[in-house]
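# Overview (structure and organization)
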Amino acid sequence: VQKLTSRKFWAAIVAVITSLCVVFGVEDITMEQVAALVIAVGALIAYILGEGFVDAANVQKSEDKTDEGN
């Protein structure tokens with residue numbers, strides 16, 4: 001899960017996909033579009049996972065405070 005939030009991981013994915021596009025003779029504009037799409041999806045996944053971790057931590061803190069009050 002931590003890898004999915006890593007910018008280095010997504011940069012590596014873009015590099016691999018771009019390299020594959022070059023090998024298979026894909027046009028430059030298409031490579032740019034594919035790279036942009038991968039970066040956008042990576043950013044979205046990282047955001048969703050990051051918010052999920054923050055929400056989970058907040059719920060845990062709330063439960064801990066509730067348990068202390070009893």
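Keep in mind that this is a model prediction, so the values were computed, not measured.

### A word on the overall build of the chain
Within the chain, the regular secondary structure consists of two helices and zero strands. Rg of the C-alpha trace for the chain: 19 Å, well past the compact-globule value of 11 Å for 70 residues, more than 25% over. If you line up the chain on its principal axes, its C-alpha atoms span 65 × 15 × 10 Å. Put simply, the chain has 70 residues, and 10% of those count as buried.

### Some thoughts on helix α1 (residues 7-23)
Taking 1.5 Å as the rise per residue, α1 with 17 residues should run 24 Å; its terminal C-alpha atoms sit 24 Å apart, in good agreement. Considered for burial, the residues of α1 that qualify are Trp10, Val14 and Cys21. Around the axis of α1, the buried residues are gathered within 40° of arc, so they sit on the same side. Opposite the buried face of α1, by more than 90 degrees, sit the exposed residues Lys8, Val22 and Val23. Backbone nitrogen of Lys8 and a side-chain oxygen of the N-cap are separated by 3.2 Å at the start of α1; the cap is Ser6. In the stretch just after α1, Gly25 is the one whose phi turns positive, near 70°.

### Quick look at a negative patch on the surface
On the surface, a cluster of negative charge is contributed by Glu63, Asp64, Asp67 and Glu68. Looking at the element boundaries, Asp64 is found in helix α2 (residues 28-69).

Criteria and thresholds
Every chain is numbered independently, its residues counted from 1 as its sequence is written. Side-chain atom pairs in this predicted model are given and counted only at pLDDT of 80 or more, local residue features only at pLDDT of at least 70, and totals for whole chains, interfaces and linings cover all residues. Calculated side-chain values reflect all of the structure's heavy atoms, with hydrogen atoms and water omitted. Runs of H or I in DSSP of at least four residues are treated as helices and runs of E of at least two as strands, each being numbered from the N terminus. Computation of the radius of gyration draws on C-alpha atoms, with the globule rule given as 2.2 Å multiplied by the number of residues to the power 0.38. Each residue is placed in one exposure class: buried if its accessible area under a 1.4 Å probe, protein chains only, is under 20% of its type's maximum, exposed if it is over 50%, and partly exposed if it falls in between. For a helix, the expected span equals 1.5 Å multiplied by the residue count minus one. Arc, as used here, means the arc of the directions from the helix axis to the C-beta atoms. Whenever a nitrogen or oxygen atom comes within 3.5 Å of another N or O atom, the pair is scored as a polar contact, on the condition that within protein one atom can donate a hydrogen and the other can accept it, and that pairs from neighbouring residues in sequence are kept only if both atoms are in side chains. Patch membership requires more than 30% relative accessible area and the absence of a salt bridge. Residues of like charge join within 9 Å; the nonpolar side chains Val, Leu, Ile, Met, Phe, Trp and Tyr join within 5 Å. All accessibility values rest on the Shrake-Rupley procedure with a 1.4 Å probe; residue burial counts only the protein chains present in the view. One side-chain nitrogen of Lys or Arg within 4 Å of one carboxyl oxygen of Asp or Glu is enough to make a salt bridge. Asp and Glu are treated as the negative residues and Lys and Arg as the positive ones, with His and the ends of the chain left uncounted. To locate a charge, the coordinates of NZ of Lys, CZ of Arg, CG of Asp or CD of Glu are taken.

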